[in-house]
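Next come the chains, spelled out residue by residue.
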Amino acid sequence: LRLVESGGDLVPPGGSLRLSCVGNEFSFQNYDIGWFRQAPGEERERIVCISNTGDKRFYLGSVKGRFAVSRENTENSVWLHMAKLRPEDTAVYYCAAGPRYFCDNDPNGQGSESWGQGTQVTVSS
């Protein structure tokens with residue numbers, strides 16, 4: 001499975017963005033998908049994760065109420081909707097695919113079977 005992210009941009013504080021993660025295979029529907037980010041000098045962190053059916057969603061505390069994740073398996077797509085962006089949200093954002101229970105059991109993404117190349121989000125005035 002190959003993943004491609006898009007949608008990163010430069011936005012002012014308080015702005016919004018929608019990131020996309022698209023898979024290239026039908027098997028996409030069988031994977032949990034996590035969104036991770038890594039800022040310069042910081043460790044990678046998982047910010048959201050959505051189960052393969054979309055029935056479970058996990059959010060990092062600092063993004064709850066600002067970010068939302070959704071998916072449409074018929075389009076092999078997962079979206080990260082980001083609002084009320086802050087300068088500290090600046091990072092490279094990656095999506096990663098994992099097997100069933102990836103969201104429940106793997107907050108660090110070590111068991112991921114595929115990573116995208118990343119998309120840059122910069123929040124600055």
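This structure is a prediction, so every number in the text was calculated from the model and none was measured.

Caption draft 1: Region of the structure containing the state of the cysteines. In the structure shown here, the tally under the stated rule is two disulfides. Two residues share a disulfide in this structure: C21 and C95, whose sulfurs sit 2.1 Å from each other. Sign of the S-S torsion, about 75 degrees for the bond between C21 and C95, identifies this disulfide as right-handed. Of the two residues, C21 is situated in strand β3 (residues 17-23) and C95 in strand β9 (residues 91-98); the sequence distance between them amounts to 74 residues. With a relative accessible area of 0%, C95 lands in the buried category. Here C49 is linked by a disulfide to C103, with a sulfur-sulfur distance of 2.0 Å. An S-S torsion of about -80 degrees defines the bridge between C49 and C103 as left-handed. Of this pair, C49 sits in strand β5 (residues 45-50) while C103 sits in helix α1 (residues 102-105), and the two are 54 residues apart along the sequence. When sorted by exposure, C49 lands in the same class as C103, which is buried. The cystine pairing of the protein chain, numbering bonded cysteines in sequence order, is 1-3, 2-4.

Caption draft 2: Quick peek at unusual backbone geometry. Backbone geometry at N76 places phi at a positive 50 degrees, although glycine is not the residue there. Its place among the elements puts N76 in the loop between β7 (67-72) and β8 (77-82). Judged by relative accessible area, which is 15%, N76 ranks as buried.

Caption draft 3: Representation of the environment of P107. Along the chain, the position of P107 falls in the loop between α1 and β10 (114-115). Counting along the chain gives 71 residues from P107 to F36, while the straight-line C-alpha distance between them is 9.6 Å. With sequence-adjacent residues up to four places away left out, P107 is seen in contact with F36 and R46.

Caption draft 4: Looking closely at the pattern of salt bridges. The tally for this structure, following the rule as stated, stands at four salt bridges. One salt bridge connects R37 with D89, and the closest N-O pair in it is separated by 2.9 Å. Taken together, the residues span a long stretch of sequence, with R37 in strand β4 (residues 32-38) and D89 in the loop between β8 and β9 at a distance of 52 residues. Taken as a pair, R37 and D89 share a single burial class, namely buried. The closest approach of N and O atoms between D104 and K56, which form a salt bridge, is 3.0 Å. Note that D104 is positioned in helix α1 and K56 in the loop between β5 and β6 (57-59), a separation of 48 residues in sequence. The exposure class assigned to D104 is partly exposed, which follows from its relative accessible area of 32%.

Basis of the calculations
- Residues numbered from 1 in each chain as written.
- Predicted model: local features only at pLDDT ≥ 70, side-chain atom pairs only at ≥ 80, totals over all residues.
- Heavy atoms only, no water.
- Disulfide = S-S within 2.5 Å.
- Helix = DSSP H or I, 4+ residues; strand = E, 2+ residues; numbered from the N terminus.
- Buried < 20%, exposed > 50% of the residue type's maximum accessible area, 1.4 Å probe, protein only.
- Contact = heavy atoms within 4.5 Å.
- Salt bridge = Lys/Arg side-chain N within 4 Å of Asp/Glu carboxyl O.

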